[in-house]
Amino acid sequence: MQLIQEIPDLSAYLAADEAIDHHHPLVRETAAELARGVANSYEYAQAAFEFVRDTIAHSQDSGDLRVTWRASDVLEQRTGICYAKAHALTALLRAEDIPTALCYQQLDVVHGLVAVRFNGAWHRQDPRGNKPGVDARFSLDGERLAFTPDPATGETDCPVLYAAPHPVVLDTLKAAGDRPHLWRTLPTAL
């Protein structure tokens, strides 16, 4: 699949916004901690991915009822669904000047991922969090995502790389009072 930048200017994939608040002190502090002891931006990206995947609980898996959407809130509360975890990873990567996009899969509901730019190409990553049957890994040598869409059931990979969270996703997160409400209103299409 050919990934398509929504915005041609690569600097858009380094920008901050209300959800990707990489100038927030907690995001900066977390990024600085992760950067200690790594030799290069690739090692940093892998460390940030593993941090979000492994230390931020996926709220559905953990039973947490809170809904987070802003990267700094995800880091502070240590919980979020796929979209929120993607926002947190995007903020951590952009805080270290690694171009990062938000992207999505069309499964039974829309699933959130990120794509990082290394060596002149985009590489999709899935910080959702592992569990039995899910084994996502950071990789530039082929995708190791949590889920593979099944075209026979209408599932697809969305090729667009967004500089900011898709409005449908962000509006859904912001409108949800708790995770059960969120689960009833998850977008099924973008």
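Here, every reference points to the structure presented above.
Residues numbered from 1 in each chain as written. Predicted model: local features only at pLDDT ≥ 70, side-chain atom pairs only at ≥ 80, totals over all residues. Heavy atoms only, no water.

### Describing the overall build of the chain
Part 1 of the argument: When helices and strands are tallied, the chain shows seven helices and eight strands.
Part 2 of the argument: In summary, the chain has a C-alpha radius of gyration of 15 Å against a globular reference of 16 Å for 190 residues, a match within 12%.
Part 3 of the argument: Here the chain holds 190 residues, and 51% of them are scored as buried.
Part 4 of the argument: Look at the contacts in the chain between residues 6 or more apart in sequence, and 60% of them connect residues 24 or more apart.
Part 5 of the argument: Of the roughly 8,500 Å² of accessible surface on the chain, 49% is carried by carbon and sulfur atoms.
Part 6 of the argument: One way to put it: in the chain the 17 positive side-chain charges average out to a point 3 Å from where the 26 negative ones average out. (Helix = DSSP H or I, 4+ residues; strand = E, 2+ residues; numbered from the N terminus. Rg over C-alpha atoms; globule rule 2.2 N^0.38 Å. Buried < 20%, exposed > 50% of the residue type's maximum accessible area, 1.4 Å probe, protein only. Contact = heavy atoms within 4.5 Å. Areas by Shrake-Rupley, 256 points an atom, 1.4 Å probe, with all protein chains shown as cover. Lys, Arg positive; Asp, Glu negative; His and termini not counted. Charge placed at Lys NZ, Arg CZ, Asp CG, Glu CD.)

### Remarks on the sheet that holds strand S7 (residues 156-157)
Part 1 of the argument: Read across the open sheet, the four strands follow the order S6-S5-S4-S7; overall the sheet is antiparallel. Looking at the sheet topology across the chains shown, the edges are occupied by strand S6 (121-125) and S7. (Pairing = 2+ DSSP bridges.)

### Here's the deal with the packing of helix H1 (residues 25-35) against helix H5 (residues 82-95)
Part 1 of the argument: Interhelical geometry of H1 versus H5 gives an angle of 70° and a closest axis separation of 9 Å. Taken together, the axes of H1 and H5 lie roughly perpendicular to each other. Two packed elements cross with a definite hand, and for H1 against H5 that hand is right-handed. Note on element contacts: H5 touches H1 through Ala91, Leu92 and Ala95, opposite Val27, Arg28, Thr30, Ala31 and Leu34.
Part 2 of the argument: A class-by-class count of the residues in the contact of H1 with H5 yields six nonpolar, one polar and one charged. (Axes fitted to C-alpha atoms, helices over the stretch in contact; angles between N-to-C directions. Parallel < 35°, antiparallel > 145°, perpendicular 65-115°, else oblique. Left-handed = near helix turned anticlockwise from the far one by under 90°. Nonpolar A, V, L, I, M, F, W, Y, C, P; charged D, E, K, R; others polar.)

### Focus: the packing of aromatic side chains
Part 1 of the argument: Per the counting criterion, the structure on display carries six aromatic pairs.
Part 2 of the argument: Plain terms: the ring middles of tyrosine 42 and phenylalanine 118 are 6.1 Å apart, the flat faces sit at 70° to each other, and that makes the pair edge-to-face. Here tyrosine 42, found in helix H2 (residues 41-55), pairs with phenylalanine 118, found in strand S5 (residues 110-118); they are 76 residues apart in sequence, far enough to count as distant.
Part 3 of the argument: The class of tyrosine 42 is partly exposed, set by a relative accessible area of 32%.
Part 4 of the argument: You can call phenylalanine 118 buried: its relative accessible area is 10%.
Part 5 of the argument: Through a chain of ring-to-ring contacts, the aromatic side chains of Tyr42, Phe49, Phe118 and Phe138 assemble into a single cluster. (Phe/Tyr/Trp six-rings, centres within 6.5 Å; stacked < 30°, edge-to-face > 60°.)

### Quick word on the pairing of S5
Part 1 of the argument: Burial analysis of S5 places eight of its nine residues in the buried class, which makes it a mostly covered element.
Part 2 of the argument: Inspection of the sheet shows strand S4 (residues 100-106) paired to S5 by seven bridges, in the antiparallel sense. Across the sheet, glutamine 106 pairs through a bridge with valine 110, a residue of S5.
Part 3 of the argument: Hairpin connection from S4 to S5: three residues lie between these consecutive antiparallel strands.
Part 4 of the argument: Hairpin remark: S5 followed by S6, antiparallel, with two residues in the connecting loop; positive phi at asparagine 119, about 55°.

### Brief notes about the layout of surface pockets
Part 1 of the argument: One number sums up the size of the largest pocket: a volume of about 300 Å³.
Part 2 of the argument: Listing elements by their share of the lining of the largest pocket, those giving two or more residues are helix H3 (59-62), H5 and S5.
Part 3 of the argument: Taken together, the residues of the lining of the largest pocket break down into nine nonpolar, four polar and five charged. (1 Å grid on protein atoms, 1.4 Å probe; cavity = no way out; pocket = protein on both sides within 12 Å on 5 of 7 lines; lining within 4 Å. Points joined across faces, edges and corners; volume = space filled by probe spheres on them.)

### Thoughts on the side chain of serine 59
Part 1 of the argument: Its place among the elements puts serine 59 in helix H3.
Part 2 of the argument: Excluding its chain neighbours within four sequence positions, the residues that come into contact with serine 59 are Asp64, Arg66, Thr79, Gly80, Ile81 and Arg179.

### Regarding H5
Part 1 of the argument: The terminal C-alpha atoms of H5, which comprises 14 residues, lie 20 Å apart, in line with the 20 Å expected from a rise of 1.5 Å per residue.
Part 2 of the argument: Of all 14 residues that make up H5, 14 are buried, and the element is covered over most of its length.
Part 3 of the argument: Just downstream of H5 lies aspartate 97, where phi reads positive at about 60°. (Expected span 1.5 Å × (residues − 1).)

Taken by themselves, the reported measurements are silent on function.
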